[in-house]
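Coordinate inspection notes
What follows is the residue order along each chain.
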Amino acid sequence: MSASTESSYRSARNPSRPGHRSSTMGGMPLNDLPWWRWRARLRSALHMLSDPGFQREAWLASRDGYGDVTDAVYRLVEDTWLDRWSAEKYIGTIFRDPAEATVVDLAVLRVVQILHEVGADAPAAAYLGHQDWPEAVRAAREAHVLLAANDGEDPDAPPRSLDILRILTQV
């Protein structure tokens, strides 16, 4: 089997390999970045953290299906340890370029700082009422807009529920 045929064969079996045209995850090509599931969870968190209207309607109202602020922060850092490492470490796997890594690092820094100040088990109102929350929302919005645009998605669409996220990231 030639190298190109073998490469195509492997690509057909594993959609994360280059060269395989696969379906999309809400507009984002599945083969675009190797760790697209991590990117999807991180993007979900940034989306929720960047939308004050959503935060009032879902988190303050304790609406089912979207988790809470702590859950969003966990999704932001769980797979990547971005609370300890720079997003630059993931350029080419989760992030496309240094611009994405830079805005994500800033958003993580802002959000995690508030988490440490109010506590992981604090109610949503404690986060949303924190004096630095608007800056955290702004940083999350900047990151969300850039990543959504780079994935060909509408940054102003409402955040997806955690059930939808789970379905989109299943193997």
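Residues numbered from 1 in each chain as written. Predicted model: local features only at pLDDT ≥ 70, side-chain atom pairs only at ≥ 80, totals over all residues. Heavy atoms only, no water.

Here's the deal with the packing of aromatic side chains
This is how it is decided: Here a pair means two rings of Phe, Tyr or Trp (six-membered ring of Trp) with centres within 6.5 Å. Their orientation is stacked below 30 degrees between planes, edge-to-face above 60, and tilted elsewhere. Classification of residues uses two cut-offs on accessible area relative to the type maximum, computed with a 1.4 Å probe and protein chains only: under 20% is buried, over 50% is exposed, and between them is partly exposed. Look at NZ for Lys and CZ for Arg. If either is within 6 Å of the ring centre and within 35 degrees of the ring normal, a charge sits over the ring.
One pass over the structure, following the stated rule, counts seven aromatic pairs. Centroid distance Tyr127 to Trp133: 6.1 Å. Interplanar angle 65°. Geometry classified as edge-to-face. Judged by its relative accessible area of 1%, Tyr127 is buried. A relative accessible area of 4% means that Trp133 is categorised as buried. Members of the aromatic cluster, each reached through a chain of ring pairs, are Trp35, Trp38 and Tyr90. Here the basic side chain of Lys89 rests over the ring of Trp85, its NZ or CZ set 4.3 Å away from the ring centre.

What to know about the packing of helix α2 (residues 36–49) against helix α4 (residues 69–77)
Our working definition: In this analysis, axes come from line fits to C-alpha atoms, helices being fitted only over the stretch in contact, and the angle between any two N-to-C directions falls in the range 0 to 180 degrees. Put simply, DSSP H or I for four residues or longer makes a helix, DSSP E for two residues or longer makes a strand, and each gets a number counted from the N terminus. The scheme is simple: roughly parallel for angles under 35 degrees, roughly antiparallel for over 145, roughly perpendicular for 65 to 115, oblique for anything else. By definition, any crossing whose near helix is turned counterclockwise from its far helix by less than a right angle is left-handed, and any crossing with a clockwise turn is right-handed. Here, residues are in contact when the closest pair of their heavy atoms is within 4.5 Å. The classification used treats Ala, Val, Leu, Ile, Met, Phe, Trp, Tyr, Cys and Pro as nonpolar, Asp, Glu, Lys and Arg as charged, and all other residues, Gly among them, as polar.
The contact between α2 and α4 brings their axes to 7 Å, and the two run at 140°. In terms of their interaxial angle, α2 and α4 are classed as oblique. Pair α2 / α4 crosses with left-handed handedness. In this structure, α2 contributes Arg41, Leu42, Ser44, Ala45, Leu46, Met48 and Leu49 to the contact, and α4 contributes Val69, Ala72, Arg75 and Leu76. Taken together, the residues of the contact of α2 with α4 sort by class into eight nonpolar, one polar and two charged.

Brief notes about helix α5 (residues 98–118)
Cut-off, in case you're wondering: What a helix should span is 1.5 Å times the count of its residues minus one. Note: the arc covers the axis-to-C-beta directions of the helix. Here a polar contact is taken to be a pair of N or O atoms separated by no more than 3.5 Å, where protein atoms must pair a possible hydrogen donor with a possible acceptor and residues adjacent in sequence count only if both atoms sit in side chains.
With 21 residues, α5 should reach 30 Å at 1.5 Å per residue; the first-to-last C-alpha distance of 30 Å fits that figure. Those residues of α5 lying buried are Glu100, Ala101, Val103, Val104, Ala107, Val108, Val111, Val112, Ile114 and Leu115. One side of α5 carries all its buried residues, which in axial view fall inside an arc of 165°. Opposite the buried face of α5, at more than 90 degrees from it, the exposed residues are Leu109 and His116. On its buried face, α5 sits against α2, α4, α6 (124–128) and α7 (133–150). A side-chain oxygen of the first residue of α5 lies 3.1 Å from the backbone nitrogen of Ala99; this N-cap is Asp97.

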